[in-house]
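Observations on the three-dimensional arrangement
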Amino acid sequence: MKARTIGTAAAAAVAALAARDLLQKRHALLRNFPVAGHARYLLERIGPELRQYIVTSNEEERPFSRDQRSWIYASAKEENNYFGFGTEVDVAHVQGHAYLKQRTFAGPLPDLHDPAAPLPSAKVLGGPRGRARAFRPGSVVNVSAMSFGSLSGAAIAALNEGAAQAGALHNTGEGGLSPYHREGGGDLVLQLGTSYFGCRDEHGNFDLARLREVVASAPVRAIEIKLSQGAKPGLGGMLPGAKVTPEIAEIRGIPAGKDCASPSRHSAFGDTDSMLDFVELLAAETGLPVGIKSAVGELGFWRELASMMARGDRGVDFVTVDGGEGGTGAAPRMFADSVSLPFRMGFSRVYGTFAEVGLTDRLTFIGSGKLGLPENAAVAFALGADMVNVAREAMLSIGCIQAQKCHTDRCPTGIATQNPWLARGVDPASKATRAAHYLRTLRRELLKVSSAVGVAHPALITPDDIEVLNGDYEARTLAAVYGYKDGWGRLGPELAEEATRLLTA
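Quick caveat: nothing in here was measured; it's all calculated off a predicted structure.

Some words on the overall build of the protein
What the protein contains, in helices and strands, is 18 helices and 13 strands. Counting only contacts in the protein whose residues sit at least 6 apart along the sequence, the fraction spanning at least 24 positions is 71%. A total accessible area of about 22,700 Å² is found for the protein, and carbon and sulfur atoms account for 55% of it.

What about the nonpolar core?
Core analysis: the biggest nonpolar cluster contains 121 residues, and Trp302 and Phe354 have the highest contact counts within it. Every residue in contact with Trp302, bar those within four places of it in the chain, is listed here: Ile292, Ser294, Ala295, Val296, Val319, Val350, Thr353 and Phe354.

Things to note about the sheet that holds strand 12 (residues 466–469)
Strand order in the open sheet made by the three strands is 1-12-13, with antiparallel pairing throughout. Because the sheet does not close on itself, it has two edges, and the strands there are strand 1 (98–100) and strand 13 (475–477). Ignoring strand direction, the axes of neighbouring strands in this sheet form an average angle of 35 degrees.

Here's the deal with empty space enclosed by the protein
Overall, the coordinates contain four cavities of 30 Å³ or more when judged by the stated rule. Its volume calculated, the largest cavity comes out at about 110 Å³. Around the largest cavity sit 13 residues that line it, and Leu169, Val189, Ile366, Met387 and Asn389 are the ones nearest its centre. For the lining of the largest cavity, the secondary structure elements donating two or more residues are strand 2 (141–143), strand 3 (169–171), strand 5 (220–226) and strand 11 (387–390). Residue composition of the lining of the largest cavity, grouped by class: eight nonpolar, four polar and one charged.

Notes on the pairing of strand 11
Neither face of strand 11 is open: one carries Met387 and Asn389, the other Val388 and Val390, and all of them are buried. With three bridges joining them, strand 2 and strand 11 adopt parallel strand pairing. Counterpart to Val143 in the pairing with strand 11 is Val390. With three bridges connecting them, strand 10 (residues 364–368) and strand 11 associate as parallel partners. Each residue of the ladder has a partner; that of Ile366, found in strand 11, is Met387.

Brief notes about the packing of helix 5 (residues 66–76) against helix 16 (residues 428–453)
Running from amino to carboxyl end, helix 5 crosses helix 16 at an angle of 115 degrees, the nearest separation of the two axes being 7 Å. One way to sum up the angle between helix 5 and helix 16 is to call them roughly perpendicular. Our pair here, helix 5 against helix 16, has a crossing hand that is right-handed. Counted together, Trp71, Ile72, Ser75 and Ala76 of helix 5 and Arg434, His437, Tyr438, Thr441, Leu442 and Glu445 of helix 16 form the full contact between these two elements.

Section: the side chain of Thr272
Within the secondary structure, Thr272 sits in helix 9 (residues 272–286). Among the polar contacts listed, one links the side chain of Thr272 to the side chain of Glu304, at a separation of 3.0 Å. Among all residues touching Thr272, those that are not within four sequence positions of it are Phe301, Glu304, Leu305 and Met308.

Notes on helix 18 (residues 493–504)
In this model, helix 18 (twelve residues) spans 17 Å end to end at C-alpha, consistent with the 16 Å of a helix rising 1.5 Å per residue. Those residues of helix 18 lying buried are Leu495, Ala496, Ala499, Thr500 and Leu503. The buried residues of helix 18 occupy one face: seen down the axis, they fall within an arc of 135 degrees. Set apart from the buried face of helix 18 by more than 90 degrees, the exposed residues are Pro493, Glu494 and Glu497.

About the criteria used
- Residues numbered from 1 in each chain as written.
- Predicted model: local features only at pLDDT ≥ 70, side-chain atom pairs only at ≥ 80, totals over all residues.
- Heavy atoms only, no water.
- Helix = DSSP H or I, 4+ residues; strand = E, 2+ residues; numbered from the N terminus.
- Contact = heavy atoms within 4.5 Å.
- Areas by Shrake-Rupley, 256 points an atom, 1.4 Å probe, with all protein chains shown as cover.
- Core = buried A, V, L, I, M, F, W, Y, C linked by side-chain atoms within 4.5 Å.
- Buried < 20%, exposed > 50% of the residue type's maximum accessible area, 1.4 Å probe, protein only.
- Pairing = 2+ DSSP bridges.
- Axes fitted to C-alpha atoms, helices over the stretch in contact; angles between N-to-C directions.
- 1 Å grid on protein atoms, 1.4 Å probe; cavity = no way out; pocket = protein on both sides within 12 Å on 5 of 7 lines; lining within 4 Å.
- Points joined across faces, edges and corners; volume = space filled by probe spheres on them.
- Nonpolar A, V, L, I, M, F, W, Y, C, P; charged D, E, K, R; others polar.
- Parallel < 35°, antiparallel > 145°, perpendicular 65-115°, else oblique.
- Left-handed = near helix turned anticlockwise from the far one by under 90°.
- Polar contact = N/O pair within 3.5 Å; in protein donor to acceptor, adjacent residues only side chain to side chain.
- Expected span 1.5 Å × (residues − 1).
- Arc of directions from axis to C-beta.

As structure tokens, this is what we get:
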């Protein structure tokens, strides 16, 4: 027994010595090759890039797949954006995939060979309410709200000049109208968020006199009151202090170097009734069309708004519906994933609310939330959208690589950062040309799609022209999927005739 005990102890001692020797060798390895010890952190940091370019298939990556990004990049560079050897989508089995139904015969159609073919809105913005500065937007595809501060000055300048070249509108975002929004000559939509940046007094309250000054100083064509956005509905915005440079602080009227938190709701109005008073005040003081932007949650607000507008004395000129899949604003994961409805469901509910009271021809519907791809945009038009706004797709067109570092101020392409060393990588002149190419290409693709359906303008695509796959053996029209009644999603006869005439005269 004693010999066995001694043998066991000896074995344990030998094992301990071996373990100590192994640990010493591991420490020596890490001292000599420090990269090995930090490899997992490096892999975590470059995880998005690895997945995008190595791991995932062409259709798997989110928010934008490799195929989707490739189409945008090729379009922006005026390269061949066709795909060969058939689709990689499992078209017979993908749940929820939308299919357009082409027609054998068609009425008058526009010239599809003109790369700069115009595609104006079928509706006059502000016309039904008699705004003094009502106008017909020259493009149904426009640049969505992205603030200077979230994006670099070079990126804003590139998008503005690109919008000007393509005849599109450029939304300023809630961060105020910066010098970079004025550089390219693009027409602007001035967005007013809950902090009223650029149009506020020293206490952060809305300042009407300041608004008049801003509108008079730049080519502002419309005003958009932002109630919420798809990336962070009901939360308010946050610009990290690292991004609040002295320049941004001066434009916004806030302290430099400190986190800038926007409240979740407006202080200039507190309910639907006072909001409409605010809308009419802005329209009367500026003559501009005034609308609202919102993600869609509960529908009580929309029902009340439609009911009040049905009286005819007050109303918004346009409604921008943002889908929950929108993503230009950084947000807590919970809000990005699980707050507010996706675009198709949210938009269809809002459109139906106005359709119930017969107002759809009297205001312009704008969609946003991953609609910068032809198939998604076509569905939006079929549901009743008159125009679409593009944000991340516009960023991709000027060089974004979907690194998903927008909230860190370390965007490697210089687009979503205030770091001067990184931002100098964006050449506004060349990137503006790419943005313009992308906007024109998307419009041209929409013309091709609408012509395949047999109509002259994408606004004439109806919810019966698209079917959605429901399981392996059944498909339903958009009208059936989203509960549209007869006539919903369609322009009235006069507007439909005018839309055709605009493109075929």
